[in-house]
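The residues making up each chain are set out below.
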Amino acid sequence: MGRSFNTIAFDPSKCDGCGDCMRACASVKYDSEDTSRSLIQILGRETDKGSAFELALCRQCGDPKCTTVCPAGALTKNGESGVIEWDGSKCVDCLLCTIGCSYAGIALDETTGRVSKCDTCAGNPACVPACPHGALRYVTTSNIYNEVGDWEDLFAPGLAGCQGCNTELLMRHTLRRVGPDTVLATPPGCVPGMGSVGFNGTTGTKVPVFHPLLTNTAAMLAGIKRQYKRVGREITALAIAGDGGASDVGFQSLSGAAERGEQMLFMVVDNEGYMNTGMQRSSCTPYGAWTSTTPVGKSSDGSHLSQGKTQDAKNLPLIMVNHRCAYVATASTAYMEDLYEKLDKAIQASKTGFAYLHVYSPCTTGWRFPTDQNMEVARKAVETNFVMLWEYTPDTGVHFTRPVDKPLPVTDYLKAMGRFRHLSPEQIEHIQKKVEENRRIVERLAENAHAA
Amino acid sequence: MTTATLETPREAAAKQKVILCEGNEAAALAVALARPDMVAVYPITPQSSLVEHVAKLIADGKMDADIVDAEGEHSVLSVLQGGALAGARTYTATCGPGLAFMFEPYFRTSGMRLPIVMTIVTRDGITPQSVWGGHQDAMTVREVGWVQMYCETVQEVLDTTIMAFKVAEHHDVMLPVNICLDGNYLSYGASRVELPDQAEVDAFLGDKFVNWHVALDPQRPMAVDPLTGGSGGKGPSTFVRYRKGQCKGMQNALRVIEEVHEEWAQRFGRSFAPLVEEYRLDDAEFAIMTLGSMTGAAKDAIDEAREAGKKVGLIKIKTFSPFPVEALVRSLAKVRALGVVDRSVGFRWNCGPMFQETLGALYRLGRHVPAMSFIGGLAGADLTIPHFHRVIDATEALLQGGPVPTEPVWLNERD
Amino acid sequence: MEQTQYLIVGSSHAALEAITAIRMHDGEGSITLVTRDPHLPYSPTVLPYVVSGRSAPDNIALRDAAFFEQNRVGYRPGVAVTRLDTTRKVAELADGSAIGYAKVVLATGASPAIPPIPGLDQVSYHVLRTLDDATRLREAMQRSRQAVVLGAGLVGMHAAENLVKAGANVTIVEMGPHLTSGYFDQTAAGLIEQAFVENGAKIRTRSRVVGLAPEGGEIVVALEGGDTLRADLLLVATGVRPELDYLDGSGVATDRGILVDDTMRTNVEGVWAAGDCAQARSFYGDEPVMNAILPDATVQGRIAGMAMAGDPGLKPYAGGVPLNTYHFFGRHAISVGSSAVPEGAQERVRFDPASGRHLKLIMKDGRLLGIYGVNEFFDAGVMAQLIQRRTDLSAVQDRLFEQPLTVGRELMSQIWR
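For every chain, the first residue of its written sequence is number 1, and the numbers climb from 1 along that sequence. Note on labels: chains are lettered from A, ligands numbered from 1, in written order. Confidence filtering applies because this is a predicted model: local features only for residues at pLDDT of at least 70, side-chain atom pairs given and counted only at 80 or more, and all residues used for totals across whole chains, interfaces and linings. Water and hydrogen atoms were dropped before computing side-chain values, which therefore reflect all heavy atoms in the structure.

**Concerning helix α8 (residues 380-388) of chain C**
An α-helix turns once per 3.6 residues; consequently, residues spaced three or four apart project the same way.
Working step 1: Working definition: with a 1.4 Å probe on protein chains only, accessible area under 20% of the residue-type maximum means buried, over 50% means exposed, and in between means partly exposed. Helix and strand definitions here come from DSSP, where helices need a minimum of 4 consecutive H or I residues and strands a minimum of 2 consecutive E residues; each element is numbered from the N-terminal end. Within α8(C), eight of the nine residues are buried, which leaves the element mostly enclosed by the surrounding structure.
Working step 2: Every buried residue of α8(C) is listed here: Ala380(C), Gly381(C), Val382(C), Met383(C), Ala384(C), Gln385(C), Leu386(C) and Ile387(C).
Working step 3: The contact criterion used throughout is that any non-hydrogen atoms of two residues lie within 4.5 Å. Residues of α8(C) that are buried in the fold lie against α3 (96-100) of chain A together with β20 (323-328), β21 (331-337), β24 (367-374), α9 (397-402) and α10 (404-416) of chain C.
Working step 4: A positive phi of about 50° marks Arg390(C), the residue just after α8(C).

**Considering unusual backbone geometry**
Working step 1: Here the bond from Thr45(B) into Pro46(B) is cis, since omega is 0°, no more than 30 degrees from zero.
Working step 2: Mapping Pro46(B) onto the fold places it in the loop between β3 (38-41) and α3 (48-59).
Working step 3: Each neighbour pair has its own omega, and for Gly125(B) with Ile126(B) the value is -25°, a cis peptide bond.
Working step 4: Within the secondary structure, Ile126(B) is located in the loop between β6 (117-122) and α7 (136-140).
Working step 5: Within the chain, Ala122(A) stands out as a residue other than glycine whose phi angle is a positive 55°.
Working step 6: Structurally, Ala122(A) can be placed in the loop between β7 (114-117) and α4 (127-130).

**Some thoughts on the interface of chain A and chain B**
Working step 1: Across the boundary between the two partners, chain A contributes 36 residues, which contact 45 residues of chain B.
Working step 2: Each of two parts loses accessible area, computed with a 1.4 Å probe, when they are put together; buried area is these two losses added. A per-residue breakdown of the area chain A buries against chain B is headed by Asn200(A), Gln227(A) and Arg230(A), which together make up 22% of the total.
Working step 3: Here, a salt bridge means any side-chain nitrogen of Lys or Arg that lies within 4 Å of a carboxyl oxygen of Asp or Glu. Remark: the boundary between chain A and chain B carries five salt bridges.
Working step 4: In protein, a polar contact means a hydrogen-donor-capable atom and an acceptor-capable atom, both N or O and within 3.5 Å, with residues adjacent in sequence counting only if both atoms are side-chain atoms; elsewhere, any N or O pair within 3.5 Å suffices. At the boundary of chain A and chain B, one finds 18 residue pairs in polar contact (both at pLDDT 80 or more).
Working step 5: Mapped by element, the contributors of at least two residues to the side of chain A that touches chain B are β9 (182-185), β10 (209-210), α8 (217-230) and α10 (251-260) of chain A.
Working step 6: Taken together, the residues that form the side of chain A that touches chain B break down as 16 nonpolar, 13 polar and seven charged.
Working step 7: We treat two strands as partners when DSSP finds at least two bridges between them. Pairing geometry for β10(A) and strand β10 (residues 223-224) of chain B, over two bridges, is parallel. Under the grouping applied here, Gly and all other residues not named as nonpolar or charged are polar, the nonpolar ones being Ala, Val, Leu, Ile, Met, Phe, Trp, Tyr, Cys and Pro and the charged ones Asp, Glu, Lys and Arg.

**Things to note about the pairing of strand β8 (residues 146-150) of chain C**
Residues and elements named next belong to chain C.
Working step 1: Among the five residues in β8, four count as buried, and that is most of the element.
Working step 2: Relative to strand β9 (residues 169-173), β8 is paired through five bridges, and the arrangement is parallel. Its bridge partner lying in β9, Ala147 is registered against Val170.
Working step 3: Since β8 and β9 lie parallel, the crossover through helix α5 (residues 154-165) that links them has a hand, and here it is right-handed.
Working step 4: Bridge analysis of β8 against strand β14 (residues 233-236) gives four bridges, and the strand direction is parallel. For Ala147, the partnering residue across the bridge sits in β14 and is Leu233. When the strands point away from the viewer, a crossover counts as right-handed if the route from the first strand across the helix to the second turns clockwise.

**A short note on the sheet that holds strand β7 (residues 147-150) of chain B**
Residue and element names in this part refer to chain B.
Working step 1: Strand order across the open sheet formed by seven strands is β4-β3-β5-β6-β8-β7-β15, with mixed pairing between neighbours. Either end of the sheet is taken by a strand with one partner, and the two such strands are β4 (66-69) and β15 (319-321). Strand after strand, the sheet turns through a mean of 20° between neighbouring axes, direction not considered.
Working step 2: The sheet contact formed by β7 and strand β8 (residues 177-182) spans four bridges and is parallel. Every axis corresponds to a line fitted to the C-alpha atoms, with the helix fit spanning only the stretch in contact, and the corresponding angles, defined between N-to-C directions, vary from 0 to 180 degrees.

**As for the side chain of Asn374(A)**
Residues and elements named next belong to chain A.
Working step 1: Within the fold, Asn374 resides in helix α14 (residues 374-383).
Working step 2: A polar atom in the side chain of Asn374 sits 2.8 Å from the backbone oxygen of Gly164.
Working step 3: Those residues in contact with Asn374 that lie beyond four places of it in its chain are Gly164, Cys165, Asn166, Pro362, Thr364 and Phe369.

**Details of the interface of chain C and chain A**
Working step 1: Taken together, the contact pairs 39 residues of chain C with 39 residues of chain A.
Working step 2: Summing both partners gives a buried area of about 3,200 Å² for chain C against chain A, and 57% of it is carried by carbon and sulfur.
Working step 3: Taken together, the links from chain C to chain A amount to three salt bridges.
Working step 4: Mapped onto the side of chain C that touches chain A, the elements with two or more residues apiece are α1 (13-25), α7 (294-309), β20, β21, α8 and α10 of chain C.
Working step 5: The element that contributes the greatest number of residues to the side of chain C that touches chain A is α10(C), accounting for seven residues.
Working step 6: For the side of chain C that touches chain A, a count of residues per class yields 16 nonpolar, 15 polar and eight charged.

**Some remarks on the side chain of Glu17(C)**
Working step 1: Inspection of the secondary structure assignment puts Glu17(C) in helix α1.
Working step 2: Residue class for Glu17(C) comes out buried when judged on its relative accessible area of 4%.
Working step 3: Once you skip the residues sitting within four places of it in the chain, Glu17(C) turns out to touch Thr68(A), Arg63(C), Thr298(C), Gly301(C) and Arg302(C).

**Quick look at the environment of Leu399(B)**
All names here are of chain B.
Working step 1: Counting through the fold element by element, Leu399 comes out in helix α14 (residues 385-399).
Working step 2: Placed 62 residues apart in sequence, Leu399 and Ala337 show a C-alpha to C-alpha distance of 5.2 Å.
Working step 3: Excluding residues within four positions of it along the chain, Leu399 makes contact with Glu285, Phe286, Arg336 and Ala337.

**Things to note about the packing of α8(A) against helix α4 (residues 73-85) of chain B**
Working step 1: Where α8(A) contacts α4(B), the axes come no closer than 6 Å and their chain directions differ by 40°. Here α8(A) is positioned oblique relative to α4(B), judged by the angle of their axes. Viewed along their axes, α8(A) and α4(B) form a crossing whose handedness is right-handed. Two secondary-structure elements touch here, α8(A) through Ala219(A), Met220(A), Gly223(A), Ile224(A) and Gln227(A) and α4(B) through Ser75(B), Ser78(B), Val79(B), Gln81(B), Gly82(B), Gly83(B) and Leu85(B).
Working step 2: Taken together, the residues that form the contact of α8(A) with α4(B) break down as five nonpolar, seven polar and no charged. In what follows, roughly perpendicular refers to angles from 65 to 115 degrees, roughly parallel to angles under 35, roughly antiparallel to angles over 145, and oblique to any angle outside these ranges. Handedness of a crossing follows from how the near helix is turned relative to the far one, being left-handed for an anticlockwise turn of less than a right angle and right-handed for a clockwise one.

**A few points about the domain arrangement of chain B**
Interface extent is often summarised as the accessible area lost during association of the parts.
Residue and element names in this part refer to chain B.
Working step 1: Residue ranges assigned to each domain were obtained from an automatic or database domain assignment. When the domains of chain B are assigned, the result is domain 1 (4-213 + 246-271) and domain 2 (276-410).
Working step 2: Placing the centre of domain 1 and that of domain 2 at their C-alpha centroids yields a distance of 27 Å.
Working step 3: Each side of the interface is counted separately: domain 1 has 28 residues, and domain 2 has 29 residues.
Working step 4: When domain 1 packs against domain 2, close to 2,200 Å² is buried across both sides, 52% of that on carbon and sulfur atoms.
Working step 5: Of all residues in domain 1, the largest losses of buried area upon contact with domain 2 belong to Arg142, Glu152 and Tyr185, amounting jointly to 29% of the total for that side.
Working step 6: Across the domain 1-domain 2 interface, the total number found is six salt bridges.
Working step 7: Among the ionic pairs, Glu152 bridges to Lys316, the shortest N-O distance being 3.0 Å.
Working step 8: Counting across the interface, domain 1 meets domain 2 through 18 residue pairs in polar contact (both at pLDDT 80 or more).
Working step 9: Of all the elements in the fold, those that place two or more residues in the side of domain 1 that touches domain 2 are α7, β7, α8 (154-168) and α10 (235-268).
Working step 10: Considered class by class, the residues forming the side of domain 1 that touches domain 2 number 14 nonpolar, nine polar and five charged.

**Comments concerning the arrangement of the chains**
Working step 1: Ranking the two pairs of chains in contact by number of contacts places chains A and B first.
Working step 2: With no contact formed, the shortest span from any C-alpha in chain B to any C-alpha in chain C equals 29 Å.

**Some thoughts on the environment of Met308(C)**
Residues and elements named next belong to chain C.
Working step 1: Tracing the sequence through the fold places Met308 in helix α7.
Working step 2: As for Met308 and Gly270, which are separated by 38 residues in sequence, their C-alpha atoms are 8.0 Å apart.
Working step 3: Aside from chain neighbours lying at most four places away, what touches Met308 is Tyr6, Leu7, Ile22, Lys103, Val104, Val105 and Trp272.

What follows is the structure in structure tokens.
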């Protein structure tokens, strides 16, 4: 695996152009008050909607052009830190690097007559804490990538997921994390559809894997785990299941296994329907959503007869809380650090009891949104509280891991995809009300946990 | 009595304890002797006391198995599938609605060639509501690739239950096995039973042989049950290879069941006809056919009819699946008229299922034998000696050239 | 005979980029690099700084031995390719050996173009294209009192500045009407000339050397019109051209350089070319041009490598854009894009003689064609992007002209978001 690096991220919507970052940089780097010498440059411009702010900063590119056009070998990308380092003793001030950079990340410093560029202050950039608005973040998630990248990928390359689907990400990461001493159950659905168990003798998985029935995933895994426990062998029993198999026809075995405290990690990839088989409704499909079995009808006079699903989604993770599982959590691929933390906890909990991880997973195909929008849709779900990220243990109760105190209106989420395009104002109102109702329910659980 | 005693019982037989118990308890004791790793249970009448006995044996430390009180029969069998794939010797019991509910994993067990042993404490069903005995449940699933052996006595239940593990785990078989014991009659009927010695049973069963061929084991990773078939690539041939293998396993089971019964007789001094039992058939002109516990009353009726000068014999099927065509044809070759008594209904042919299957065997015989179907003992109804006299008399009429009825005779219609 | 999947001929920017690109896509295929230069890879562009002493010859390597090891490249310096047999796919080498290849990229660069001046073969003169040239020139420079530089391109100008700073009397002789033509416009050239004159150099533009002769350890340089100059050091820097003799009989089509398509492929199967030896399309027209500049060599090398490895991510060459930077006597000049002003294009110029700041923009239909500056601050890479993307600048062109640095950065920040 290649390496990933920490980076300074800029959110222009939070920037008001105050210049504190530039002052901090000039001060730290040159003991100067001249912000034109700052290695991070914020540029204001006027738009129809008021001021907007732009950024010029070295991106510490993965495939940097500046280094390739340097004739003196003065610029090199540090393989450990990812920072593109400038060696003043080699630099001949020819400025060719400024031709190579498309970001104005390396530029001539008038004061010295030499080029200058950001070096991230050796991994502790002064500009970031100086920003009073949170517009600058030092993103350190690369550590995850680098750590995970060293773990064995237990799925074959070329799994056949839909374009833009995040399930492959989930599968690969989860198995990497759990490791080879695992028995994996992937009940009928998108995951085996991607080739986890395989087809006519070929398989995409390097650990023992099987198709349970749609109905008996938790039961079969329970049998497997129990036998290994009986003979004193440590394995992780892992299910990566869809919401349909878990909340509908497979619910009985899921509930039974949870009640018995079977030692396993049951991960549900909730794409809110039977997406693998043609986008039919499941009990996790939200109210109002179009599916192929809750279609939007149109009579000959053009009026809508039916308007998508007429019932609210079953809240499966809350139901699992009421099984008093060893661990229950909801997660979203838009918040990977949160997800990874929960996965770690769930793996740990599965050694002594039933661990349940519910991952909300937008479906580009079934929800009808562009394939490059998966993370955005997932993020909007959380930002509107349509999806809430929380976790539960019997000791600590329910608590939010990423509370959203000022949620966006649910329409911000709904309008991101085609399956809600037909909604009437009344339906939207219903969904907004349900979001708030769900929020209150989880909040109350969380408050009680806090009080306890 | 069908239990034959060898002239010189071996030492092993001498070590056996004699007890009085019901069929359900006998099954539970047999399971304990077979030392499964995992038992999954869900109670259902008339099976309940069987799993209660198992649970108690485990609770009392008389049996070392992991017991899973699953939330339904579907999960019961699913848990055992998981256990078997991880190498466990496994056992459960069910009947009627429970069997219907577990049909999905039931179908799959034979496809995955898992040597799971399951007692069906047979029950009629499902509607009209009935909690009493009858073979309708087991007969309904006869086409799903399990080995099914029907027992006549409590002793046979005990012995066959142990033998079932050996059959199931035989290298040439690797199939799940049902021991069918009649609800009410055998489940609750108490009788004298000889209990084999544990060490002898251990020696008889040998090492377990469960998942050498298909396993979910990180030490030898494999993908179990990938999507198979379709019309392209190697789909058709792959699927056919699997199915043919199952059929071959079923046919091998006929031989293995005979071998195992032979070994059992040698070791424990009790022998049972493994596939087809003949009773007073050698000089018979006609015969009646039975299955399960009804056979006792039928044999008494045969004895009485013989005393009355009728040249009638009896054919009992023990192994119903795979259907013992060759053995049955050998027996059928001895008679010229046949009456077949079923304890269940075949809706499609308007006759008993065993009768229907026997018609196929008669075709193999290559000689016309007039035969008729009797249906009796449904939903716990008694099949008594007088009932069998009616069967004998009606079959005798066929022998004398009477018309062959196209409808079954419903033996309890006026009871 | 040695056999290799990818043969790289040459060892400078284009060659090194080709290796990186191949290894991005093909981790396994064997790579062999042969180059006539005996040193670790270096850039011709750095040589003036070796001459000046600013860069130590042992501190200019673009890659070290570990690079070749890590990328599993068979590295064979000091061996020129003498003949390319494209039928048998064999490269014959100067040491008598040969290498069979499946694919080859020619990145053999260029050599000094030596003008046909009578007497040149009678005198000792310098050129500057290799590290050994630079070392020799540096040595000679220490002793020089009277130096003559033929050619006012960037190589000549750099060397002249070095000679001036080393204390020599320097005369630059240029045939053209002004210095650095082809790189910078007349105003910029004027500013450059002014700086040189202020520092004691003599400039003779529109001047042609008609004869050279040795005399008493010195060289007599005869100019058209009768003037003569005396020199203890003569540097010939009248441009470069590729040496392509080794392609005789290969069937590889050449013009001024090796003709390539938009994937840097030549007309012969299995043969690619990149860098200063290649003649590829121009960004501004279909006519193939020599765009012998460093940034273009890296782009071409990358494309050639991707094409050779069959990388599906390959995007065809967009055409060469002239890009030059030049530091002189503490000042800097930058040129990005075309200096031509086609019909319908506008030229916007501002010049402040006091500060010596000069800026010129060439715009057409709201698009930037070229931008030139001396002592002016803008990001050359950003401007190159605006040109290559043909970004519509109609709404901001006034501001861009006023504040090229700020406005350019604003625009790119928006594009990259």
